[in-house]
Structures are given as structure tokens and as C-alpha cells.
Amino acid sequence: MTRVLVVDDEPQILRALRINLRVRDYQVDVAATGTEALQMAARHPPDLVILDLGLPDLDGMEVIQGLRGWTKAPIIVLSGRADSLDKVEALDAGADDYITKPFGVEELLARMRAAVRRTGTAADLPRIKLGDLIVDLAAKRVTRQAAVPAGGHSAQPDDIRLTPTEWHLLEVLLRHPGKLLSRNQLLTEVWGPGYADATGNLRLYMAQLRRKLEPDPARPRWLITEPGMGYRYQPGPDEDD
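## Describing the overall build of the chain
When you go through the chain residue by residue, the secondary structure sums to 8 helices and 12 strands. Looking at the chain residue by residue over its 241 residues, the buried ones come to 43%. Residue pairs at least 24 apart in sequence account for 56% of intrachain contacts in the chain once pairs closer than 6 positions are excluded. Of the roughly 12400 Å² of accessible surface on the chain, 50% is carried by carbon and sulfur atoms.

Structure (C-alpha cells):
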């Protein structure tokens, strides 16, 4: 299910888009300010952002720049500013599309579908094997395959429950197999701008992931620490992505 973050300070627009998008099977988060939008995006990373430029606290351009510091999710600007300079500035800042208010819902939906097609869909994401665990990036689900007794039937897999932050951290690591990711990179991508020094958060959540996923958390096989530098996901020889 595609997760959409709608950012607008007009309550009626938030309400209308929430209803219209949920009816069409989108998962919808809403924010009425730029600060709230950046915090919401860090907690629940969106697959697509619909953004008004005229927000009460931050200018929409600042929100675009804040998001582009760590996410490639498509950003569709939905704004009452019709001046071509505003459109150029928004696109240069990192927006993918620009729709002027008032707008038609069907046009917005078509632009959303096009933006998602350009960046890939959940179906493009892989399933990754970690020993007896299967990480399904499309379904955002981690399962442990149950052992099959001799002559018996296969049991249902067990779900490994991860918090949204644990999932986001794991997803970032798995998308870069074998690559060293610095603490600054991970903190910025998972928690967002302004958290680059929160190394305690990173240590805590890495420890929690290892307890849930590693056979021996004290001697991790996949989620490796590079002392003084950062972390990496190290695939084993029998694990594919």
C-alpha cells in the first residue's frame, strides 16, 4: 500500500484528500505545518508527498529541501501560487510536479500514479533472506520460517514485529548491501535533519534490531558495526536479494 503524506494548512483540503485517497487504498498521513510534516515524514517515511507551499511556519521550499536531504519520495506541490517563478523554484528545490489550486482530484490522482511509476512501486522491492528470516520490503514484513517436522506439514511463519523506526533503519541498511553507511548518514535518513548527533538513538535501535533478527546478537552476522565509522548490512554467501 502506497503511503502518502499530505501537507496543507487548510483543514477542508486535508479532510477531502484524506477521504479520497483512503477510498482508493492509499495509506494517508496529514500535517498542517512544515515542522509537523518533517517530523511525520521522519517517523513514517512516505512513498509520496503532496505539499502546499503556503504553510504557517516554514515556507514550502524549506520543507522540500528538508525532505530531499534524506528521501527520494516524489513530491507533488499543490499550491495557490500560480507564478511560473514559484513553479521553477519548487522544481529546482526537488519537487517532482506542480499543480495549481483549485485542482481536480482526478488530475491529482493521475499525477500521483505517474510519479510513483517514475520512481518504482512496492512490487519492485525485493525479499531478502537472513538465515531463517524473510524480509519482505514490499509488504514491510519480517517472518521466521518454521521448521518442518519429518513427514509433517509446513507451519505458518512467525511474524517478527518491528517498530516503524526499527523498520526504517533496517530498510536503509538492506538497500545498500555490503556498503558502509556512516552514523551521520543513517541518523539523517532515518530520523531526519537535525538528528546527526543523536548517536545514542542509533546504538539503541541497532541493539534492538540485533536482538530481534540476529541468531547471536553479541556476534552479529548481518548487521555489522564498523567501529568509529558506522554500520553495514553484510549478506551471507547463501542469502540473496
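## Here we look at the pairing of strand β12 (residues 230-233)
Judged by which residues are buried, β12 turns out to be covered on both faces: G230 and R232 on one side and Y231 and Y233 on the other are all buried. Summarising the sheet, strand β10 (residues 181-182) and β12 pair through 2 bridges and their orientation is antiparallel. Paired with L181 across the strands is Y231, a residue of β12. Two strands pair when backbone bridges link them, and strand β11 (residues 223-226) and β12 are joined in this way by 4 bridges, in the antiparallel orientation. Bridging from a neighbouring strand, L223 pairs with Y233 of β12.

## Some thoughts on the environment of L55
With respect to the helices and strands, the residue L55 is situated in the loop between β3 (48-51) and α3 (60-68). Look at L55 and you get buried, because its relative accessible area is 12%. Once the C-alpha coordinates of L55 and D9 are considered, the two residues, 46 residues apart in sequence, prove to be 6.0 Å apart. Excluding anything up to four places from it in sequence, L55 contacts V7, D8, D9, A32, T33, G34 and V63.

## Focus: the pattern of salt bridges
On inspection of all chains with the given rule, the structure shows 14 salt bridges. One salt bridge connects R3 with D29, and the closest N-O pair in it is separated by 2.6 Å. Placement of the pair is R3 in strand β1 (residues 3-7) and D29 in strand β2 (residues 27-31), with a sequence separation of 26 residues. Here the two residues R3 and D29 agree in accessibility, since each one is buried. Via salt bridges that share partners, D8, E10, D52 and K101 belong to a single interconnected network.

## Things to note about the packing of aromatic side chains
With the rule as written, the count across this model stands at 1 aromatic pair. Each ring, one from W191 and one from Y205, has its centre 5.6 Å from the other, and the planes form 65°; the classification is edge-to-face. Here the residue W191 occupies a position in helix α7 (residues 183-191), and Y205 occupies one in helix α8 (residues 199-213), the gap between them amounting to 14 residues. By relative accessible area, which is 11% here, W191 ends up buried.

## As for helix α1 (residues 11-23)
With 13 residues, α1 extends 18 Å from end C-alpha to end C-alpha; this agrees with the ideal 18 Å at 1.5 Å per step. Among all positions of α1, only I13, L14, L17 and L21 are buried. Axial view of α1: buried residues confined to an arc of 100°, hence all on one face.

## A short note on α7
Where α7 is concerned, the buried positions are L186, L187, T188, V190 and W191. Tucked into the core, α7 has its buried residues touching α2 (34-43), α6 (164-174), β10, α8 and β12. Backbone geometry just downstream of α7 places G192 in the positive-phi region, at approximately 100°.

What counts, and at which threshold
Residues numbered from 1 in each chain as written. Predicted model: local features only at pLDDT ≥ 70, side-chain atom pairs only at ≥ 80, totals over all residues. Heavy atoms only, no water. Helix = DSSP H or I, 4+ residues; strand = E, 2+ residues; numbered from the N terminus. Buried < 20%, exposed > 50% of the residue type's maximum accessible area, 1.4 Å probe, protein only. Contact = heavy atoms within 4.5 Å. Areas by Shrake-Rupley, 256 points an atom, 1.4 Å probe, with all protein chains shown as cover. Pairing = 2+ DSSP bridges. Salt bridge = Lys/Arg side-chain N within 4 Å of Asp/Glu carboxyl O. Phe/Tyr/Trp six-rings, centres within 6.5 Å; stacked < 30°, edge-to-face > 60°. Expected span 1.5 Å × (residues − 1). Arc of directions from axis to C-beta.

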